[in-house]
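# Structural overview for review
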Amino acid sequence: MPRTGLPSGSGTWLDPDIPVTGGGPGYGAVVESLRDLLDGFAAASPDEETVRALADAFAAWSKRLERHRVGERQQVFGRRRDLHGRGQVMAPKFAAEESDERSVKGTVTFGRYFLGGNGAVHGGAIPLLFDEVMGRLSNTAGRSQSRTAFLHTDFRSVTPVGVPLSVRAWFESEEGRKRFIRAEIRDGDTLCAESHGLFLALLPGQP
Ligand SMILES: CCCCCCCC/C=C\CCCCCCCC(=O)SCCNC(=O)CCNC(=O)[C@H](O)C(C)(C)COP(=O)(O)OP(=O)(O)OC[C@H]1O[C@@H](n2cnc3c(N)ncnc32)[C@H](O)[C@@H]1OP(=O)(O)O
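Nothing here was measured: the structure is a model prediction, and the numbers come from that model. For every chain, the first residue of the written sequence is number 1, and numbering continues from 1 along that sequence. At least 70 in pLDDT is required for a residue's local features to be given in this predicted model, at least 80 for side-chain atom pairs to be given and counted, and no such filter applies to totals for whole chains, interfaces and linings, which use all residues. Working from all heavy atoms in the structure, the side-chain values ignore hydrogens and water.

### Quick notes on the sheet that holds strand β1 (residues 94-100)
Test applied: For two strands to count as paired, DSSP must find a minimum of two bridges between them. Only runs of H or I of at least four residues qualify as helices and only runs of E of at least two qualify as strands under DSSP, and these elements are numbered from the N terminus. To obtain an axis, a line is fitted to C-alpha atoms, over the contacting stretch when the element is a helix, and the angle between two such axes runs from 0 to 180 degrees between their N-to-C directions.
Taken in spatial order, the six strands make up an open sheet running β1-β2-β6-β7-β8-β5, and their pairing is antiparallel. Each having just a single partner strand, β1 and β5 (146-155) make up the two edges of the open sheet. Along the sheet, successive strands turn relative to each other by an average axial angle of 20°, direction set aside. Sheet topology note: the β1/strand β2 (residues 103-108) ladder contains six bridges and is antiparallel. The residue bridging Ala-95 from the neighbouring strand is Thr-107, located in β2.

### Points about the packing of aromatic side chains
This is how the line gets drawn: Two rings from Phe, Tyr or Trp (for Trp, the six-membered ring) form a pair when their centres are within 6.5 Å of each other. A pair whose planes differ by under 30 degrees is stacked, one over 60 is edge-to-face, and the rest are tilted. Between buried and exposed lies partly exposed: a residue is buried under 20% and exposed over 50% of the maximum accessible area for its type, with that area taken using a 1.4 Å probe on protein chains only. Remark: a charge is flagged as sitting over a ring if the NZ atom of Lys or the CZ atom of Arg is within 6 Å of the ring centre and within 35 degrees of the ring normal.
As enumerated under the stated definition, the model contains two aromatic pairs in all. Relative to Phe-114, the ring of Phe-110 has its centre 6.1 Å away and its plane inclined at 85°; by these criteria the two rings are edge-to-face. One exposure class covers both Phe-110 and Phe-114, and it is buried. Aromatic side chains Tyr-113 and Phe-114 sit 5.0 Å apart centroid to centroid with 75° between the ring planes, which places their arrangement in the edge-to-face category. Taking relative accessible area as the criterion, Tyr-113 reaches 41% and is therefore assigned partly exposed. With a relative accessible area of 9%, Phe-114 lands in the buried category. By way of ring pairs, the aromatic residues Phe-110, Tyr-113 and Phe-114 are connected into one cluster. In this structure, Arg-168 packs its charged tip against the face of Trp-170, placed 4.1 Å from the ring centre.

### Brief notes about the pattern of salt bridges
Pairing is possible between side chains of opposite charge, provided their charged atoms come close. As a reminder, the rule being used: A pair is scored as a salt bridge if a Lys or Arg side-chain nitrogen falls within 4 Å of a carboxyl oxygen belonging to Asp or Glu.
Enumeration according to the criterion identifies 11 salt bridges in this entry. Of the charged contacts in the structure, one is a salt bridge between Arg-168 and Glu-184, with a shortest N-O distance of 3.5 Å. Placement of Arg-168 in strand β6 (residues 165-175) and of Glu-184 in strand β7 (residues 178-187) is noted, with a sequence separation of 16 residues between them. Residue classification places Arg-168 among the partly exposed positions, given a relative accessible area of 32%.

### Notes on the site of the ligand
The line we're drawing: To be near a molecule or strand, a residue needs just one of its heavy atoms within 4 Å of it. Here a polar contact is recorded for every N or O atom pair within 3.5 Å, except that within protein the pair must consist of a potential hydrogen donor and a potential acceptor, and residues adjacent in sequence are included only if both atoms are side-chain atoms. Using a 1.4 Å probe, accessible areas were evaluated by the Shrake-Rupley method; residue-level cover was limited to the displayed protein chains. Classification convention: Asp, Glu, Lys, Arg as charged; Ala, Val, Leu, Ile, Met, Phe, Trp, Tyr, Cys, Pro as nonpolar; all other residues, Gly among them, as polar.
Residues in contact with the ligand amount to 20 residues; listed here are only the nearest, Arg-81, Asp-131, Arg-177, Lys-178 and Gln-206. Thr-148 places a polar main-chain atom, nitrogen or oxygen, 3.0 Å from a nitrogen atom of the ligand. Measuring from an oxygen atom of the ligand, one finds a side-chain N or O atom of Arg-177 at 2.7 Å. In isolation the ligand offers 1,400 Å² of accessible surface; the protein chains occlude 54% of this area. Breaking the shell around the ligand down by element, the ones donating at least two residues are α3 (125-138), β5 and β8 (190-201). Counting residues per element, the shell around the ligand draws most heavily on β5, at five residues. Partitioned by chemical class, the residues of the shell around the ligand number six nonpolar, six polar and eight charged.

### Here's the deal with a nonpolar patch on the surface
Here is the rule we go by: The patch calculation keeps residues exceeding 30% relative accessible area without a salt bridge and links them within 9 Å when they carry like charges or within 5 Å when they are nonpolar (Val, Leu, Ile, Met, Phe, Trp, Tyr).
Together, Leu-34, Leu-37, Phe-58, Phe-77 and Met-90 give the surface a local cluster of nonpolar side chains, amounting to about 430 Å² of exposed area. The topology assignment puts Leu-37 in helix α1 (residues 27-43). Classification of Leu-37 by relative accessible area gives partly exposed; the value is 36%.

### A word on the nonpolar core
The tendency in soluble globular proteins is for nonpolar side chains to be buried side by side. Under the convention used in this document: Throughout this description, the term nonpolar core refers to a set of buried Ala, Val, Leu, Ile, Met, Phe, Trp, Tyr and Cys residues connected via side-chain atoms within 4.5 Å. In what follows, a contact means two residues having at least one pair of non-hydrogen atoms within 4.5 Å.
Core analysis: the largest hydrophobic core is formed by 25 residues, its most contacted members being Phe-94, Val-104, Phe-110, Leu-129, Val-133 and Ile-185. Mapped by element, the contributors of at least two residues to this core are β1, β2, α3, β6, β7 and β8. Beyond its immediate chain neighbours, meaning those up to four positions away, Val-133 contacts Trp-13, Phe-94, Val-104, Val-167 and Ala-169. Within the second largest apolar cluster, five residues are counted, among which are Tyr-27, Val-31, Val-76 and Val-89.

### Points about α1
Threshold: Here the expected length of a helix is defined as 1.5 Å per residue gap, with one fewer gap than residues. Of all possible arcs, the one meant is that of the directions from the helix axis to the C-beta atoms.
Its 17 residues give α1 an end-to-end C-alpha distance of 24 Å, which sits within 8% of 24 Å, the value for a rise of 1.5 Å per residue. Three or more residues of α1 are buried, namely Tyr-27, Gly-28, Val-31 and Arg-35. Projection of α1 onto a plane perpendicular to its axis shows the buried side chains occupying an angular sector of 110°, all on one side. Within α1, the exposed residues directed more than 90 degrees away from the buried face are Val-30 and Asp-36.

Here is the structure:
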């Protein structure tokens, strides 16, 4: 299966600790379709007939998927590290382009689904992206699993919807269990938002 996040062997972002191949080779395309659907639905003002057709189609798919329901350990959604955005739609899709043991760089485009208002990304979606990127960086390069203890975000200028933005995250320091990580989102040279967070390595037995 192609590793789409990084040139092979160039970094640690995609080193899988839990290799998951469920959903097969078509899973990534389905997740992309689901992202397009959410963006399209958010942007649409559908007529009643279209709404009814959508309701029927969604209900039919929910019923069909019920047959394939699994526990968390077998879940595919969000666990496909070979895919940009790790095969989920809850957070915007981050596409890693460069990484080493302490940092990662890539891009994100917040679709219409993540609109707050007046063309600006919702203020909750931005820390969501930061937690996604910083949290995953915290667990790369052979490090143990961690959890976010705090995540501070400064909104420096409007983050535009529908525009490719650059994202960078890097370790500031590592002190025992404490991993202090910083990140920023830029639109060209303009700083849109920046964040710093503390990620704590879990102790044995911690959920
Ligand atoms: C994890 C498994 C995941 C598996 C998934 C596999 C597939 C997915 C793949 C890829 C994922 C992609 C990426 C997603 C990433 C998302 C990450 C999240 O969003 S995690 C959810 C949100 N966070 C919580 O729910 C934490 C809730 N809080 C806790 O559980 C505890 O508070 C915890 C574990 C964080 C710390 O508890 P203590 O009891 O172990 O540690 P104490 O003793 O309190 O603190 C240790 C040190 O840290 C400082 N500290 C703790 N909290 C602090 C804070 N808020 N601010 C400042 N310092 C703090 C303390 O003062 C202490 O410092 P002194 O050792 O005394 O110097």
